[in-house]
Amino acid sequence: MTAAAMAPAAVMVDRVSRRFGAVEAVREVSFTVAPGEIFGLVGPDGAGKTTLMRILAGVLSPDAGAVALDGIDVRAAPEQTKLHLSYMPQRFGLYEDMTVAENIFFYATLFAVRARERRARSAQLLAAAGLEAFSNRLAGQLSGGMKQKLGLVCALIHTPRVLLLDEPTTGVDPVSRRDFWAILYGLRESGVTILLSTAYMDEAERCSRLALLHQGRIRALDTPARLKQAMPGALLALTGPDPRALRDALAGAPGVLGLLLMGDRVHVRVDEPEGRMPALHARLAARGLAAATMARIDPGIEDVFVALLGSGAAP
Amino acid sequence: MSSCIWLPATRPRRGRDAVSPGRLLAIAFKEILQVWRDPRSLAIALLMPLMQMVMLGYGVSLDIRHVPLCVFDQENSQTSRAVAQRFVAAGWFAASARLGSDQAVHEAMDRAACIGAAVIPADFSRRLDSTGGSPLQIVFDATDANTTNIAIGYAQGVVALISNQLEARWAAAHGGPATRAGMVDLEPRVWFNEGLESRYFIIPGVVAVILALVGAQLTSLTVSREWERGTMEQLISTPVTPFEVMAGKLLPYFLIGIFDAAFCLLAARFWFAVPFRGDFATLLITTALFLIVVLAIGYLISVRVRSQLGASQVALLVTMLPTTLLSGYTFPIDQMPAPIRALSLMVYPRYFVTILRAVFLKGSGLAGLIGPVLGLVAYAVVVLWLAGRAFHKRLD
Ligand SMILES: Nc1ncnc2c1ncn2[C@@H]1O[C@H](COP(=O)(O)OP(=O)(O)O)[C@@H](O)[C@H]1O
Ligand SMILES: [Mg+2]
């Protein structure tokens with residue numbers, strides 16, 4: 001990381017705030033992203049992810065604070081930063097009444113990409129996105145996943161240094177998500193800095209670093225591994241025929257710091273796993289739930305999130 | 001993952017804030033595609049001028065055919081009946097009733113059973129025979145000044161025609177000279193057809209009104225469409241400049257506007273048979289100037305109002321009311337009270353109405369139209385300046 005520390009940060013956010021009337025959408029947020037990182041913003045709806053992305057993209061001004069991309073101040077020279085930036089808004093932002101090829105042509109021309117390069121890159125990107133066969137289809141007639149991939153193709157038709165993706169894979173089928181991530185990993189190899197927001201925890205785990213955003217503030221910021229290490233307590237997974245009953249049974253038990261229903265399991269965060277297990281088993285047996293099995297597991301990002309913010313804040 | 005080997009990064013070729021013809025044309029290209037694929041825009045661009053030309057053009061020239069006319073024939077002789085018949089035969093009037101008293105005439109007009117009444121005096125034939133002339137009274141309801149003016153013109157034409165024939169007959173019967181002082185006076189009035197003249201006068205105005213409406217409607221959709229469909233956020237995150245957005249969006253509509261103008265002007269000339277005495281260059285230059293004003297106004301509205309429906313309604317309001325009322329295309333400006341006359345100076349179509357009339361009917365060139373042309377130029381400068389400043393690459 002020494003080389004990254006010496007080069008100007010690809011993204012620098014310094015005490016940025018933005019309010020909408022009474023709502024403080026972003027409050028004193030600061031972080032830096034090194035060139036080539038995949039940086040994730042995670043947080044529940046209304047956490048301020050989109051607002052932050054828009055400020056970085058230079059389409060919304062912050063009330064306070066500074067933002068720089070590649071060392072260039074976004075507020076002082078927004079147009080200069082836009083030359084090296086691609087932004088994919090949360091809402092599909094391409095022209096639905098234009099074909100795939102026409103949208104690509106349009107964005108290539110806005111970024112002054114030469115015709116030969118445009119053809120080469122567009123062929124390469126369409127292949128990577130699995131969209132070769134859809135060149136002449138109207139963007140409005142693509143599936144959700146294909147639309148998002150087209151968005152990425154248009155965002156990459158010039159070579160951005162910073163790529164901003166606001167919930168790019170929300171509502172996207174698993175196959176398209178895989179294509180999507182393959183392209184993102186390929187980009188990272190070539191040194192493009194990626195900042196993305198996501199509602200998917202498995203995606204969050206793939207980021208090199210994560211910022212957990214809640215009510216406009218950053219609550220935690222680190223690599224996924226260290227965030228998990230830093231989670232207070234340890235995690236037990238509880239499996240049984242009626243997970244809800246299991247959860248309710250352990251509510252308020254001594255040593256239990258938190259309970260989270262995860263599909264057919266209950267994640268139990270306890271202060272000291274080995275010491276507490278017998279008492280928890282006994283409590284379940286007393287309520288006729290002796291059939292439940294209990295095992296120590298490593299926490300996921302969602303557990304970290306809930307541990308930090310309380311279960312009401314799960315993204 | 002090895003399939004994703006990326007081509008080397010390229011530096012964008014142009015610096016910031018410089019106008020890039022490529023980006024400008026990219027916006028124009030996109031706009032053309034979108035208009036072509038949007039039935040509503042296409043209808044406004046191509047069908048609205050046609051429909052309005054038919055509606056307004058024929059509205060003007062058809063309404064004043066068959067003006068209901070009552071006849072109060074106090075004499076009821078062969079001559080007087082022939083005179084009454086003449087009014088109807090000309091096609092401009094429809095004899096709605098034959099009445100028997102002044103009282104009945106008043107009542108009929110009050111009931112709006114007729115707009116005008118021809119009153120033939122009881123001694124009509126006798127006075128004609130003895131003196132060669134007789135007064136003929138025509139009463140008009142002046143509520144609708146416009147129709148009345150035109151109807152009076154028709155009536156004068158008919159009367160002139162009648163007296164011309166009667167005079168010729170009188171001259172033959174009395175063996176006198178075929179030309180008398182009175183006849184020479186009347187002669188041009190037969191030819192000077194008030195009705196047609198008013199149509200010549202109004203049709204060029206109709207063209208100006210249509211272009212004002214259609215032009216502002218077209219561009220009022222262009223920026224609001226991007227807001228409404230959510231394409232604006234991504235567009236403003238690119239290096240495109242506000243000037244490129246404006247110019248790129250106005251360009252295609254300018255071409256459509258020129259097409260619409262050509263259609264309307266050709267219809268005025270060949271379908272409504274308005275004589276064209278001017279020159280083509282003057283027409284082209286002034287039309288282009290007017291289109292710039294109109295399109296920039298629509299664009300300005302589109303930037304301000306972020307929904308397509310809202311923008312098109314504001315555009316309609318802003319163009320329709322002042323244009324139809326104050327442009328002078330139907331209501332003559334010099335007959336308006338001074339404050340409203342002053343207000344009409346603000347109404348840009350009035351300049352173009354004046355210009356088109358002068359180019360068509362008087363054959364005026366640019367030099368002769370310096371006043372209204374400068375008015376349009378001033379308007380274009382101000383509106384373009386405002387439009388150029390209106391659009392910001394910001395969501396807030
Ligand atoms: N344009 C806006 N006007 C008013 N309030 C807004 C606007 N954009 C965002 N907000 C508010 O700011 C907060 C953060 O929103 P947002 O940045 O969209 O969060 P996220 O993307 O994480 O869901 C929310 O409470 C939202 O209602
Ligand atoms: Mg959002």
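Residues numbered from 1 in each chain as written. Chains lettered and ligands numbered in written order. Predicted model: local features only at pLDDT ≥ 70, side-chain atom pairs only at ≥ 80, totals over all residues. Heavy atoms only, no water.

Section: the overall build of chain A
In terms of helices and strands, chain A carries 12 helices and 14 strands. C-alpha extents for chain A along the principal axes are approximately 75 × 45 × 40 Å. The buried share among the 315 residues of chain A stands at 56%. Considering only residue pairs separated by 6 or more positions, chain A has 68% of its internal contacts joining residues 24 or more positions apart. Accessible surface, chain A: about 12500 Å² in total, of which carbon and sulfur atoms supply 51%. One finds the centroid of the 35 positive side-chain charges in chain A at a distance of 2 Å from the centroid of its 32 negative side-chain charges. (Helix = DSSP H or I, 4+ residues; strand = E, 2+ residues; numbered from the N terminus. Buried < 20%, exposed > 50% of the residue type's maximum accessible area, 1.4 Å probe, protein only. Contact = heavy atoms within 4.5 Å. Areas by Shrake-Rupley, 256 points an atom, 1.4 Å probe, with all protein chains shown as cover. Lys, Arg positive; Asp, Glu negative; His and termini not counted. Charge placed at Lys NZ, Arg CZ, Asp CG, Glu CD.)

What about the interface of chain A and chain B?
Taken together, the 48 residues of chain A in the interface contact 42 residues of chain B. For the pair chain A and chain B, the summed buried area comes to about 4300 Å², and 58% of that belongs to carbon and sulfur atoms. Linking chain A with chain B are 5 salt bridges. Counting across the interface, chain A meets chain B through 13 residue pairs in polar contact (both at pLDDT 80 or more). Those elements that place two or more of their residues in the side of chain A that touches chain B are α3 (78-82), β6 (85-88), α4 (100-110), α5 (115-129) and α7 (174-189) of chain A. In the side of chain A that touches chain B, the residues fall into 26 nonpolar, 11 polar and 11 charged. (Buried area = accessible area lost by both parts, 1.4 Å probe. Salt bridge = Lys/Arg side-chain N within 4 Å of Asp/Glu carboxyl O. Polar contact = N/O pair within 3.5 Å; in protein donor to acceptor, adjacent residues only side chain to side chain. Nonpolar A, V, L, I, M, F, W, Y, C, P; charged D, E, K, R; others polar.)

Observations concerning the domain arrangement of chain A
Bring the parts together and some accessible area is lost; that lost area is often taken as the interface size. Assigned domains of chain A: these are domain 1 (8-227) and domain 2 (232-298). Computed over C-alpha atoms only, the centres of domain 1 of chain A and domain 2 of chain A are separated by 39 Å. (Domains from an automatic or database assignment.)

Concerning the coordination of the magnesium ion (ligand 2)
Residues and elements named next belong to chain A. Those protein atoms acting as donors to the magnesium ion (ligand 2) are Thr-50 (OG1) and Gln-90 (OE1), and they sit at 2.0 to 2.1 Å. Of this pair, Thr-50 sits in helix α2 (residues 49-57) while Gln-90 sits in the loop between β6 and α4; the two residues are 40 residues apart in sequence, bridging distant segments of the chain. Note on Thr-50: relative accessible area 18%, which makes it buried. Take Gln-90: its relative accessible area is 38%, and that puts it in the partly exposed class. (Donors = N, O, S within 2.8 Å, 3.2 Å for Na, K, Ca; no water.)

Quick word on the environment of Gly-388 of chain B
Relative to the elements of secondary structure, Gly-388 of chain B occurs in helix α16 (residues 370-390). Sequence spacing of Gly-388 of chain B and Pro-242 of chain B is 146 residues, and the spatial spacing of their C-alpha atoms is 7.1 Å.

A look at the sheet that holds strand β4 (residues 64-69) of chain A
All names here are of chain A. Reading across the sheet, the 4 strands line up as β2-β1-β4-β5 and stay open at both edges, with antiparallel pairing between neighbours. Strands with a single pairing partner mark the edges of an open sheet, and in this sheet they are β2 (23-33) and β5 (72-73). Running over the sheet, α2 touches β1 (11-20), β2 and β4 and is turned about 120 degrees from β1. (Pairing = 2+ DSSP bridges. Axes fitted to C-alpha atoms, helices over the stretch in contact; angles between N-to-C directions.)

Things to note about the sheet that holds strand β14 (residues 293-297) of chain A
Residue and element names in this part refer to chain A. The strand order across the open sheet formed by 4 strands is β12-β13-β11-β14, and the pairing between neighbours is antiparallel. Since the sheet does not close on itself, it has two edges, and those belong to β12 (256-262) and β14, each with one partner. Averaged over all pairs of adjacent strands, the angle between strand axes in this sheet comes to 25 degrees, irrespective of strand direction. Across 6 bridges, β12 lies against strand β13 (residues 265-270) in antiparallel orientation. Its bridge partner being in β13, Leu-260 is matched across the sheet by His-267. Of the strands in this sheet, β11 (234-239), β12, β13 and β14 are in contact with helix α11 (residues 273-286), which crosses β14 at around 160 degrees.

Focus: the packing of aromatic side chains
Following the criterion strictly, the structure yields 9 aromatic pairs over all chains and no others. Measuring from ring centre to ring centre gives 5.2 Å for Phe-105 of chain A and Phe-29 of chain B, while their planes differ by 75 degrees; the resulting arrangement is edge-to-face. Here Phe-105 of chain A is found in helix α4, whereas its partner Phe-29 of chain B is found in helix α1 (residues 21-37) on a different chain. Looking at Phe-29 of chain B, the relative accessible area reads 30%, which means it is partly exposed. (Phe/Tyr/Trp six-rings, centres within 6.5 Å; stacked < 30°, edge-to-face > 60°.)

A short note on the nonpolar core
Within the largest apolar cluster, 159 residues are counted, with the highest numbers of intra-cluster contacts made by Val-11, Leu-163, Leu-184 and Leu-195 of chain A. Beyond its immediate stretch of four places on either side in the chain, Leu-195 of chain A contacts Val-11, Phe-31, Val-33, Phe-39, Leu-41, Met-53, Leu-56, Leu-163, Leu-164 and Leu-165 of chain A. Ranked by size, the runner-up nonpolar core spans 18 residues in total, among them Phe-93, Phe-140, Ala-151 and Val-158 of chain B. (Core = buried A, V, L, I, M, F, W, Y, C linked by side-chain atoms within 4.5 Å.)

A short note on the site of ligand 1
Residues and elements named next belong to chain A. Taken together, Phe-20, Val-23, Ala-25, Pro-44, Asp-45, Gly-46, Ala-47, Gly-48, Lys-49, Thr-50 and Thr-51 make up all the residues around ligand 1. Between ligand 1 and Gly-46 there is a distance of 2.7 Å, counted from an oxygen atom to a backbone nitrogen or oxygen. One of the side-chain N or O atoms of Thr-51 is found 2.5 Å from an oxygen atom in ligand 1. For ligand 1, the accessible surface in isolation is 550 Å², of which the surrounding protein chains cover 63%. For the shell around ligand 1, the elements supplying multiple residues, two or more each, are β2 and α2. For the shell around ligand 1, the class distribution of residues is 5 nonpolar, 4 polar and 2 charged. (Near = heavy atom within 4 Å.)

Here's the deal with the domain arrangement of chain B
For chain B, the domain assignment lists domain 1 (26-59 + 197-390) and domain 2 (67-173). Taking the mean C-alpha position of each, domain 1 of chain B and domain 2 of chain B sit 44 Å from one another.

Quick notes on α1 of chain B
Look at α1 of chain B: 24 Å from first C-alpha to last across 17 residues, which is about the 24 Å you get at 1.5 Å a residue. Within the sequence span of α1 of chain B, burial applies to Arg-23, Leu-24, Ala-26, Ile-27, Ala-28, Lys-30, Glu-31, Leu-33, Gln-34 and Val-35 of chain B. (Expected span 1.5 Å × (residues − 1).)

Comments concerning the side chain of Gln-52 of chain B
Residue and element names in this part refer to chain B. For Gln-52, the position within the fold is in helix α2 (residues 39-62). Its relative accessible area of 13% is what places Gln-52 among the buried residues. Aside from chain neighbours lying at most four places away, what touches Gln-52 is Gly-57, Ile-210 and Leu-213.

Here's the deal with the pattern of salt bridges
Residue and element names in this part refer to chain A. Under the defined criterion, the tally for this structure stands at 27 salt bridges over all chains. With a closest N to O distance of 3.8 Å, Glu-167 and Lys-49 form a salt bridge. Of this pair, Glu-167 sits in the loop between β7 (162-166) and α7 while Lys-49 sits in helix α2; the two residues are 118 residues apart in sequence, bridging distant segments of the chain. Residue Glu-167 is classed as buried on the basis of its relative accessible area, which comes to 7%. For Lys-49, a relative accessible area of 4% translates into the label buried. The closest approach of N and O atoms between Asp-179 and Lys-149, which form a salt bridge, is 2.9 Å.

Some points on the pairing of β6 of chain A
Moving residue by residue along a regular strand, the side chains alternate between the two faces of the sheet. All names here are of chain A. Here β6 shows two buried faces, one formed by Leu-85 and Tyr-87 and the other by Ser-86 and Met-88. For β6 and β7, the ladder comprises 4 bridges, and the chain directions are parallel. Across the sheet, Leu-85 pairs through a bridge with Val-162, a residue of β7.

Considerations on the confidence of the model for chain B
Residue and element names in this part refer to chain B. The share of residues in chain B with pLDDT of 70 or more is 81%, and the mean pLDDT across the chain is 79. Within the model, pLDDT remains below 50 along residues 1-16, and this stretch shows 36 contacts once partners closer than five positions in the same chain are excluded. This prediction of the complex comes with two scores: 0.78 for pTM and 0.89 for ipTM. (pLDDT = per-residue confidence, 0-100.)

So, α11 of chain A
Residue and element names in this part refer to chain A. Between its terminal C-alpha atoms α11 stretches 20 Å, which fits the 20 Å expected from 14 residues at 1.5 Å a residue. Here α11 has its buried residues at Pro-273, Leu-280 and Leu-284. Buried-residue contacts for α11 involve β11, α10 (243-250), β12, β13 and β14. Among the residues trailing α11, Gly-288 stands out with phi positive, at a value near 75 degrees.

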